[in-house]
Amino acid sequence: MVGEERVPSDGERVEPPASFVAQANVSDGCVRAEFADNWPGAWERAADLLDWETEYDTVLGGDGPPFRWFEGGELNASYNCVDRHLDERKNQVALTWEGRLGESRTYSYLELYREVNEFAAALRELGVEEDDVVTLYLPVVPELPIAMLACARIGAPHSVVFAGFSADALATRMEAADSEYLVTCDGYYRRGAPVHQKNKADNAAIAVDGDVEATVVVDRLGDDTPLAENEYDYCELVTAHRGETVEPVPRDASDQLFLIYTSGTTGEPTGVRHTTGGYLSYAAWTSHAVLDIEPADTHWCSADIGWITGHTYTVYGPLALGTTTMLYEGTPDHPEKDRVWELIERNAVDVFYTAPTAIRAFMKWGEEHPERHDLSSLRLLGTVGEPINPRAWKWYHEHIGNGECPIVDTWWQTETGGTMVTTLPGVDDMKPGAAGPPLPGVGAAVVDARGNPVEPGETGYLVLTEPWPGMPVSMAENEGWFAERSSVRPSLDGYDWAYFTEDGATVDEDGYVTLLGRVDDVINVSGHRFGTMEIESVLADVAGVAEAAVVSGPHDLKGEAVYAYVSAAEGADADELRAQVTDAVEAAIGPIAVPDAVVFTPELPKTRSGKVMRRLLEAVTHGDDLGDTSALRNPEVVGEIESSLDRSS
Ligand code: 6R9
């Protein structure tokens, strides 16, 4: 949680400017009543944004799980994101890519159509069949969305693994998905230095016992990477299939479009499976109603495509609507701290969607950087991934949006597929710090431990009380879904069906929800989810670590930081162990999960029954009051930990 100003909405309201409302895709407040009076029928609005090969019979099939959104309908996601735009805008730019070294590339809808078809033909020839999972382990290069759309074309679900993940993390995900096909690259640049991605992919292939049927390698570094048997150069494959077309495979609305792994409460990452009809409708609808995307726009969602935000709001939503979507491979401060503003100016970006962690960094770097650029093309700003504190909100509004662009603070999760709680920018007033009301048609409530709605201003748990089109397959099918989640959980017995989001929240008298952070063991570092258990199980494997516990700590820029408390085995050297711990996390998960602080303690604080007292570790980390410590068996370690923290700060 962001330490500063965690009590956000001071009741201040900011109205969207009339000039924005006048042109907004959704500006009629009646949309709420329309969904309320005709639920689930009004979700037709979302499905109508797509072209269906076979019209659906029912908007929502099933009174309870299994839910079937747009039952009976058939469609293809690649057709919807590419082919159907050719008549009207074959020469319009679909993808514009800005590379790390200052290079750029664009693909018109026609060029995208050609390459998606050629790569789809190549995947088929390599043996990929409908429903085979293809793993995509690529940084933000145009070949990533092209490969996603090529998979979608032939009905093969993709599983994109964030490029910064390690070989072990890739192997775990390939194995869990039973995926025998991999698309990767020789390497890519990170802050100007090359990262050798193919080496990581090779190590993953060894770890999965060589069960990889084919690996396709995109040449990003221009290295002459030697290719083994069953390894293919992307460019050669596409060239070999030049001019070929592949009929888009009609998929049932409930058929899987992709899966994506995310961190939950257990040590193992969870695979979330999204559907073709429901997810794509939801991506298109929220891009239209919330991000206000129009075909003539240039849209920039700065998230990496390896996360759900990039899937929905860089690839599927914007392309389904026929807009120009911008891909940026680099970091915001390389080569200079005005890189983002330079890109917005040069590409005349209309809608910019980023994370609070980035906004806090921009604030720290100073407004002189955006001030050097003409940002007047911007019409709407968005944030996602973590709570945004009012100070950052106001800075974003004033210095990037010139006090004129509405801001949508969009709350959602990997599991929800698209945004759920946020203002409609052409309808609702904004309240800095509060995400907003649930979107029309979305059922959400803040409840206490017994499952009863809390009074305005009181804290509780955010639950989703109605199914929505972007729900994943497991949630649609599984009656017991919500009951299997974490140990801190409200009782949801009073609902026919409900989903516990694992987020704490408050709601005000206008129904605006303010998010307070996760209530499970998930740490949100710069908007990326990691399970404490996931990191702890890596630490436990380091020789020299007797015991370790991982908790969330405060961080000015990243929102939350990973604090590792380690009790060392006899004779271990602290400095060496610190380096080993860092290396182990980097190898098992990736650099972004590496602890910000490794704090040594002779013992972990434990209850009399021998359980690690995480609550206490969190309180110590945040410098909060320790609360009731009567259950603590070894109170003396608390002082030791406090003095270690003082030394390390
Ligand atoms: C899309 C995405 C989900 C978790 C979620 C919550 C946090 C996301 C937020 C937000 C406050 C917002 N979160 N958006 N918290 N305000 N606008 O980020 O998915 O990576 O699965 O993370 O992120 O805690 O539960 P994911």
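- An unreviewed UniProt entry lists the protein under the name Acetate--CoA ligase, from Halobacterium litoreum.
- Database annotation for the protein, UniProt heading Sequence similarities (unreviewed entry): "Belongs to the ATP-dependent AMP-binding enzyme family."

### As for the packing of aromatic side chains
Then step 1. For the structure on display, the rule yields 27 aromatic pairs.
Then step 2. Relative to Phe70, the ring of Trp69 has its centre 5.8 Å away and its plane inclined at 55°; by these criteria the two rings are tilted. Each of the two residues, Trp69 as well as Phe70, counts as buried.
Then step 3. Here Trp300 and Phe352 contribute two aromatic rings whose centre-to-centre distance is 5.0 Å and whose plane-to-plane angle is 50°, an arrangement assigned as tilted. Residue Trp300 is located in strand E16 (residues 298–301), and its partner Phe352 is located in strand E18 (residues 351–354); the two are separated by 52 residues in the primary sequence. Of the two residues, Trp300 and Phe352, both sit in the buried class.
Then step 4. The structure contains a cluster of three or more aromatic residues connected by ring pairs, namely Phe35, Trp39, Trp43, Trp52, Tyr56, Trp69, Phe70, Tyr282 and Trp285.
Then step 5. Residue placement shows Arg105 over the ring face of Trp97; its charged tip is 5.1 Å from the ring centre.
Then step 6. The positively charged end of Arg173 is found above the aromatic ring belonging to Phe165, 4.4 Å away from the centroid.

### Side note on the sheet that holds strand E14 (residues 256–262)
Then step 1. Taking strand neighbours across the sheet as the criterion, the 7 strands line up as E12-E11-E8-E6-E7-E14-E15 in an open arrangement whose pairing is mixed. Edge strands, defined here as strands with exactly one partner in the open sheet, are strand E12 (231–233) and strand E15 (270–275). Strand-to-strand, the axes of this sheet are offset by a mean angle of 25°, without reference to chain direction.
Then step 2. Running at roughly 80° to E15, helix H11 (residues 277–289) makes contact with E14 and E15 of the sheet.

### Focus: the side chain of Thr506
Then step 1. Take Thr506: it is sitting in strand E23 (residues 499–507).
Then step 2. Sequence-distant contacts of Thr506, defined by excluding residues within four places in its chain, comprise Val446, Gly457, Glu458, Thr459, Tyr512, Val513, Thr514 and Leu516.

### Brief notes about the site of the ligand
Then step 1. Around the ligand, the structure places 17 residues, and the nearest of them are Asp409, Thr410, Thr414, Asp503 and Arg529.
Then step 2. In this structure, Gly385 approaches the ligand through a main-chain N or O atom, which is 3.1 Å from a nitrogen atom.
Then step 3. Between the ligand and Arg518 there is a distance of 2.8 Å, counted from an oxygen atom to a side-chain nitrogen or oxygen.
Then step 4. With the chains in place, 95% of the 530 Å² that the ligand exposes on its own is no longer accessible.
Then step 5. Broken down by secondary-structure element, the contributors of at least two residues to the shell around the ligand are helix H12 (308–320), strand E20 (407–410) and strand E24 (513–518).
Then step 6. When grouped by side-chain class, the residues that make up the shell around the ligand number 6 nonpolar, 6 polar and 5 charged.

### Some remarks on the sheet that holds E24
Strand pairs in the sheet, formed through backbone hydrogen bonds, run parallel or antiparallel to each other.
Then step 1. Pairing is antiparallel in the open sheet, where 4 strands are placed in the order E21-E22-E23-E24. Either end of the sheet is taken by a strand with one partner, and the two such strands are strand E21 (444–447) and E24. Across the sheet, the axes of successive neighbouring strands diverge by a mean angle of 45°, strand direction being ignored.
Then step 2. Pairing of E23 with E24, which is carried by 5 bridges, proceeds in the antiparallel orientation. Across the sheet, the residue bridging to Asp503 is Arg518, located in E24.

### Observations concerning the state of the cysteines
Then step 1. The full count for this structure, using the stated rule, is 0 disulfides.
Then step 2. In this model Cys301 remains outside any disulfide bridge; the closest cysteine sulfur is found in Cys81, 14 Å from its own.
Then step 3. The thiol sulfur of Cys405 is not disulfide-bonded, and the nearest other cysteine sulfur, from Cys301, lies at 17 Å.

### Topic: the confidence of the model for the protein
Then step 1. Of the residues in the protein, 95% have a pLDDT of 70 or more, and the chain-wide mean is 91.
Then step 2. Throughout residues 1–8 the model reports pLDDT below 50, and contacts reaching past four residues in sequence, or to other chains, amount to 22 contacts.
Then step 3. Across the predicted assembly, pTM comes out at 0.90 and ipTM at 1.00.

### With respect to the packing of helix H14 (residues 356–365) against helix H16 (residues 390–400)
Then step 1. In contact at an axis separation of 10 Å, H14 and H16 are set at 70° when each is read in the N-to-C sense. One element, H14, and the other, H16, form an angle in the roughly perpendicular class. Of the residues in H16, those touching H14 at Ile359, Arg360, Phe362 and Met363 are Arg391, Ala392, Trp395 and Tyr396.
Then step 2. Of the residues that constitute the contact of H14 with H16, the class distribution is 6 nonpolar, no polar and 2 charged.

### Quick word on the nonpolar core
Then step 1. Judged by nonpolar contacts, the single largest core of 111 residues is most densely connected at Trp43, Phe119 and Tyr316.
Then step 2. Among the elements that take part in this core, helix H6 (residues 109–126) stands out by supplying 10 residues, more than any other.
Then step 3. Of the domains in this structure, domain 1 (109–249) and domain 2 (444–516) are the two that each give at least three residues to this core.
Then step 4. Ignoring any residue separated from it by four or fewer positions in sequence, one finds Trp43 in contact with Phe35, Val59, Trp69, Phe70, Tyr282, Trp285, Pro440, Gly441, Val442 and Pro469.
Then step 5. Counting residues in each nonpolar core, the second largest holds 38 residues, with Ala204, Val212, Leu539 and Val542 among its members.

So, how was this worked out
Residues numbered from 1 in each chain as written. Predicted model: local features only at pLDDT ≥ 70, side-chain atom pairs only at ≥ 80, totals over all residues. Heavy atoms only, no water. UniProt positions renumbered as here; feature names shortened; annotations may be inferred. Phe/Tyr/Trp six-rings, centres within 6.5 Å; stacked < 30°, edge-to-face > 60°. Buried < 20%, exposed > 50% of the residue type's maximum accessible area, 1.4 Å probe, protein only. Helix = DSSP H or I, 4+ residues; strand = E, 2+ residues; numbered from the N terminus. Lys NZ or Arg CZ within 6 Å of the ring centre and 35° of its normal. Pairing = 2+ DSSP bridges. Axes fitted to C-alpha atoms, helices over the stretch in contact; angles between N-to-C directions. Contact = heavy atoms within 4.5 Å. Near = heavy atom within 4 Å. Polar contact = N/O pair within 3.5 Å; in protein donor to acceptor, adjacent residues only side chain to side chain. Areas by Shrake-Rupley, 256 points an atom, 1.4 Å probe, with all protein chains shown as cover. Nonpolar A, V, L, I, M, F, W, Y, C, P; charged D, E, K, R; others polar. Disulfide = S-S within 2.5 Å. pLDDT = per-residue confidence, 0-100. Parallel < 35°, antiparallel > 145°, perpendicular 65-115°, else oblique. Core = buried A, V, L, I, M, F, W, Y, C linked by side-chain atoms within 4.5 Å. Domains from an automatic or database assignment.

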